[in-house]
Amino acid sequence: MALVVQKYGGTSVGDLDRIRHVARRVAQCVKQGDALVVVLSAMTGETDRLTQMARKITAQPSQREMDMLLSTGERVTIALLSMALQELGLSAQSFTGRQVGILTDDVHTRARIRSIDAERLKEALSKGVIPVVAGFQGINHRSDVTTLGRGGSDTTAVALAAALKADLCEIYTDVDGVYTTDPNIVSEAKQIQKISYEEMLEMASLGAKVLQTRSVEFAMKYRVPVCVRSSFTTQEGTLVTEEDNEMEQELVSGITYDKNQAKVTLVGVPDRPGVASTIFEAIAKENINVDMIIQNVGQAGLTDLSFTIPQTDAVQAKAVLNGLAKEVGLAEVLLAEQITKVSIVGVGMRSHTGVAAKTFSSLAREGINIMMISTSEIKISCVIEAKYTELAVRTLHTAFELGEA
Ligand code: ADP
Ligand code: ASP
Ligand code: MG
């Protein structure tokens, strides 16, 4: 008997018919002899709807209250699915993050899981009860509700699979696997059958939202095999696992894009030791992740500094930097929010040259200007104007011949 953690995303539980459909799917797996733990997202659009309501009350809602609000979406679906399972004659019970012992740090709206005490889940499983767990949520040491960042139900599922030493974690979503790029943008995108943790981690962190980055980190650390598949078909999906010789050593395996980016430019930064550290320490204190950083050559003791951050943190970052302007002696803080980061990912880049040149020339041929560039062993990222996102992704996907033959 295998122990499987199944996570169903927002579209899969988007209305009552779909919840009933998930219940039938779960029932089928149980009938085949698997022991299941089910993790759910909120209904599709619900987390956005709640966020918009908060924004109508205040421009900068308290993060603690946001978590209290956002965690409600998942409570609705877990209760409804448990009822649907009971209706099919199965024994099922819903659990919040707290009830299954998910303890996180204190960083509201993007908390990290610190520990999981899975006793309650083990007890349910031993009694033949199907636990239906709210994804995306936990509690901090004060028992305040926290959430794990957008897409966080993936992380709940993989973390529970690790804690329970499950045989497999299945992520059910609205596409039938991980593709060479977002199949909703490029119809020729090809499904990948098997992908290494390392490549998947890179793709997720560069914007392929099919899996939350933290979920891939957990999978890699605890060696949890993850299968991404559709809840609407019986297709096998994509296996995320350890790199092996069977995997195609493609030069480039995928193209990703991330629209949730903003570019901050600090004009007239004094060119002396300590200034950069003051600036980035202030940003880090707000738990804002800085990605690409570019500093121009200084002139007359002044320089310009640009860096990218998540767009969701832009307003907060600007406020912090404006507060620093006098102390540090910055002339101006500029914010560009209409930008996208497009990236090319592939382990094959380690041993091949020419990927950068091909990337830049392909974008240039379409008249797409590159504002920032960053590279690592297995990726190249370019910041471009947001309006060119789809064109850039399609252009690169074609240039590297990733589509269906
Ligand atoms: P869920 O609600 O099930 O968690 P998400 O919307 O978070 O679903 O993730 C699935 C979506 O990820 C797909 O609909 C697709 O548009 C997007 N996506 C982006 N990049 C990729 C990729 N490389 N492969 C598959 N899906 C991708
Ligand atoms: N409901 C949350 C979100 O929309 C978590 C998730 O779906 O994974 O981001
Ligand atoms: Mg998701």
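Calculation criteria
- Residues numbered from 1 in each chain as written.
- Chains lettered and ligands numbered in written order.
- Predicted model: local features only at pLDDT ≥ 70, side-chain atom pairs only at ≥ 80, totals over all residues.
- Heavy atoms only, no water.
- Salt bridge = Lys/Arg side-chain N within 4 Å of Asp/Glu carboxyl O.
- Helix = DSSP H or I, 4+ residues; strand = E, 2+ residues; numbered from the N terminus.
- Buried < 20%, exposed > 50% of the residue type's maximum accessible area, 1.4 Å probe, protein only.
- Contact = heavy atoms within 4.5 Å.
- Pairing = 2+ DSSP bridges.
- Axes fitted to C-alpha atoms, helices over the stretch in contact; angles between N-to-C directions.
- Near = heavy atom within 4 Å.
- Polar contact = N/O pair within 3.5 Å; in protein donor to acceptor, adjacent residues only side chain to side chain.
- Areas by Shrake-Rupley, 256 points an atom, 1.4 Å probe, with all protein chains shown as cover.
- Nonpolar A, V, L, I, M, F, W, Y, C, P; charged D, E, K, R; others polar.
- Parallel < 35°, antiparallel > 145°, perpendicular 65-115°, else oblique.
- Left-handed = near helix turned anticlockwise from the far one by under 90°.

*Asks:* Help me understand the pattern of salt bridges in this model?
*Replies:* Close approach of charged atoms allows side chains of opposite charge to pair. If you walk through the whole model with that rule in mind, you get 20 salt bridges. Among the ionic pairs, E119 bridges to K122, the shortest N-O distance being 3.8 Å. Here E119 pairs with K122, and both are found in helix α5 (residues 119-126), just three residues apart, close to one helical turn. Owing to a relative accessible area of 47%, E119 belongs among the partly exposed residues under this scheme. In the salt-bridge network here, residues are joined through shared partners; they are R64, E65, D106, R142 and D144.

*Asks:* What is the right way to look at the side chain of S71 in this model?
*Replies:* Inspection of the secondary structure puts S71 in the loop between α3 (63-70) and α4 (72-87). S71 has contacts with Q137, V145 and T147, leaving out every residue within four places of it along the chain.

*Asks:* Just to check I follow, could you spell out unusual backbone geometry for this structure?
*Replies:* Glycine aside, residues mostly have negative phi angles, and peptide bonds mostly take the trans form. The phi dihedral of S143 is positive, around 70°, even though this residue is not glycine. Topologically, S143 is positioned in the loop between β7 (137-139) and β8 (145-147). Even without a glycine there, the phi angle at R223 is positive, about 55°. Mapped onto the elements, R223 comes out in the loop between α8 (213-222) and β11 (226-230).

*Asks:* Quick question: what am I supposed to make of the sheet that holds strand β1 (residues 3-8) here?
*Replies:* Strand pairs in the sheet, formed through backbone hydrogen bonds, run parallel or antiparallel to each other. Spatially, β3-β6-β2-β1-β9-β11-β12-β10 is the arrangement adopted by the eight strands of the open sheet, whose pairing is mixed. Of all the strands in the sheet, just β3 (92-95) and β10 (194-196) have a single pairing partner and so form its edges. On average, adjacent strands in this sheet sit at an angle of 20° to one another, irrespective of strand direction. Bridge count between β10 and strand β12 (residues 238-241): three bridges; the pairing is parallel.

*Asks:* Whenever I open this one, the site of ligand 2 confuses me. Can you help?
*Replies:* What surrounds ligand 2 is the set S41, A42, T47, E74, F136, R150, G151, G152 and S153. Between ligand 2 and S153 there is a distance of 3.0 Å, counted from an oxygen atom to a backbone nitrogen or oxygen.

*Asks:* Looking at this structure, how should I read the site of ligand 1?
*Replies:* Taken together, 18 residues lie near ligand 1, and T173, D174, Y179, D182 and N184 sit nearest. Between ligand 1 and D174, the relevant distance is 2.8 Å, taken from an oxygen atom to a side-chain nitrogen or oxygen of the residue. One of the side-chain nitrogen or oxygen atoms of K209 is found 3.2 Å away from an oxygen atom of ligand 1. Contact with the protein chains covers 88% of the free accessible surface of ligand 1, which is 580 Å². Across the shell around ligand 1, the residue classes tally to eight nonpolar, six polar and four charged.

*Asks:* Mind showing me how you'd approach the side chain of T51 here?
*Replies:* With respect to the helices and strands, the residue T51 is situated in helix α2 (residues 46-57). When neighbours within four sequence positions are excluded, T51 is seen to be in contact with M66 and L70.

*Asks:* I keep staring at the packing of helix α1 (residues 16-31) against α4 and nothing clicks. Help me out?
*Replies:* When two helices pack together, their arrangement is given by the angle between their axes and by how far apart the axes lie. Their axes nearest at 9 Å, the elements α1 and α4 cross at an angle of 55°. As the angle between them shows, α1 and α4 are arranged oblique. Viewed along their axes, α1 and α4 form a crossing whose handedness is right-handed. Judged by residue contacts, L16, I19, V22, A23 and V26 of α1 engage L80, L81, A84 and L85 from α4. Classifying every residue of the contact of α1 with α4 by side-chain character gives nine nonpolar, no polar and no charged.

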